[in-house]
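Structure at a glance
The residues making up each chain are set out below.
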Amino acid sequence: MRSFAGPSVAGRKVLITGAARGIGAALARRLAAHGAHVALLGLEPELLAEVAAECGDVPWRYCDVADRGQVERVVEVLVAELGGLDVLVANAGVAKQMAMVGGDPSVLEETLAVNVLGVAYTVSAAGAHLSHPGGYVLMMSSISTAVQLPLGGAYSASAAAVASLGATLRAELRSTGAKVGVSYFAGIDTDMTVRGFGTAAAHTVLGETSLTGNSPVGPAVEALERAIARRRKTVVSPWWVALVRPFRLLAQLVVQRVQGDRLARAIDIARTEDVPFTTEQPARPRRMERQP
């Protein structure tokens, strides 16, 4: 006698952004292995092609999510190849340290362009296809909406914006039957986390390890699959994130205590340290620059 396993992702038509590596790639592989029909987009064609092949030669396209016109074209092509759309996983994102005083403001501009505008553009392009009773949008936020680390202001701001967009979209789609979920992850062992915390400034303020250590990708991807199958409102990983979020003020005090007197030195280093974004970005116009 078969036991009841609950909702499944089998047969779902899923579009995943930022699918060339990390959580996006791992999620694509897992969903495809469990019967979902996936389509991928991202910035690294060779890696995307490899992931697509591992998923059963599924459709994929190069796409800069910060380019609205490009997003609109690519989403339409991939939705057509999928034959419709049930789930959008707005996973594409970048991070880079930035001192709020004396840092490079372009870091904030680029981070918001990818992590916030990119999500908004993708949702806008895919929204009409998802506005049905089985539709689901999953946006990737962070524990940094609750606990902010120094030098992470650009990323934390983008995560907070994504959480707000998710709440707004949830209200706007309610009448269609579609649902919206937002993930709140702590440090997951991906290229993004390793590169983001692999700087001289980060090592100065955190020492040899992060505050909590990096958690494996597997449980995070499993949590995302369950969220997609059940169209959940909130996804957390690791499990303790659910405990930290309600006690954000206390958690912030703990973070400040741990950093101690190393922070000033770390900020000085960050002002001049030349580090890349966690994923190399294409050249874009400066969005906040006044035109002559």
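The structure presented is a predicted model; accordingly, all values stated were derived computationally and were not measured.

Bringing the overall build of the protein into the picture now. In terms of regular secondary structure, the protein is built from 11 helices and seven strands. Per-residue burial over the protein gives 48% buried out of 292 residues. Counting contacts in the protein only where the partners sit at least 6 residues apart, residues at least 24 apart contribute 75% of the total. Entry remark: accessible area of the protein is about 14200 Å², with carbon and sulfur atoms responsible for 56%.

For helix α11 (residues 263–272), the complete set of buried residues consists of A266, I269 and A270. Viewed along the axis of α11, the buried residues span an arc of 100°, placing them on a single side of the element. Across α11 from its buried face, at more than 90 degrees, point the exposed residues R265 and T272.

Moving on: the pattern of salt bridges. Think of it this way: side chains of opposite charge can pair up when their charged atoms draw near. Summed over the entire model, instances satisfying the criterion amount to five salt bridges. Two residues, R21 and E44, come together in a salt bridge whose shortest N-O distance is 2.5 Å. Here E44 lies in the loop between β2 (37–42) and α2 (45–54) and R21 lies in the loop between β1 (13–17) and α1 (22–33), a separation of 23 residues in the sequence. Overall, the relative accessible area of 22% leaves R21 in the partly exposed class. The partner of E81 in a salt bridge is R61, and the shortest N-O contact between them spans 2.4 Å. In this pair, E81 is assigned in helix α3 (residues 68–82) and R61 in strand β3 (residues 60–62), connecting sequence segments 20 residues apart. Classification of R61 by relative accessible area gives partly exposed; the value is 30%.

Before going further, it helps to spend a moment on the nonpolar core. In terms of nonpolar packing, the biggest core is built from 36 residues, with L31, V38, L40 and I228 touching the most fellow members. At the level of elements, β1, α1, β2, α2, β4 (87–90), β5 (136–140) and α8 (217–230) are the ones that each hand at least two residues to this core. The contact partners of L40, leaving out residues within four places of it in the chain, are I16, A19, A28, L48, V51, A52, V58, P59, W60, R61 and L78. Counting 34 residues, the second-largest nonpolar core is a separate cluster that includes L78, L82, Y121 and L130.

Before going further, it helps to examine the sheet that holds strand β7 (residues 234–237). Strand order in this open sheet of seven strands is β3-β2-β1-β4-β5-β6-β7, and the pairing throughout is parallel. A strand with exactly one partner marks an edge of an open sheet, and here the two such strands are β3 and β7. Neighbouring strand axes in the sheet, compared pairwise and without regard to direction, differ in orientation by 15° on average. Contacting β1, β2, β4, β5 and β6 (179–185), α1 runs over the sheet at an angle of about 165° to β1. The strands that α8 touches are β4, β5, β6 and β7; relative to β7, the one it contacts most, it runs at about 170°.

The rules behind the values
- Residues numbered from 1 in each chain as written.
- Predicted model: local features only at pLDDT ≥ 70, side-chain atom pairs only at ≥ 80, totals over all residues.
- Heavy atoms only, no water.
- Helix = DSSP H or I, 4+ residues; strand = E, 2+ residues; numbered from the N terminus.
- Buried < 20%, exposed > 50% of the residue type's maximum accessible area, 1.4 Å probe, protein only.
- Contact = heavy atoms within 4.5 Å.
- Areas by Shrake-Rupley, 256 points an atom, 1.4 Å probe, with all protein chains shown as cover.
- Arc of directions from axis to C-beta.
- Salt bridge = Lys/Arg side-chain N within 4 Å of Asp/Glu carboxyl O.
- Core = buried A, V, L, I, M, F, W, Y, C linked by side-chain atoms within 4.5 Å.
- Pairing = 2+ DSSP bridges.
- Axes fitted to C-alpha atoms, helices over the stretch in contact; angles between N-to-C directions.

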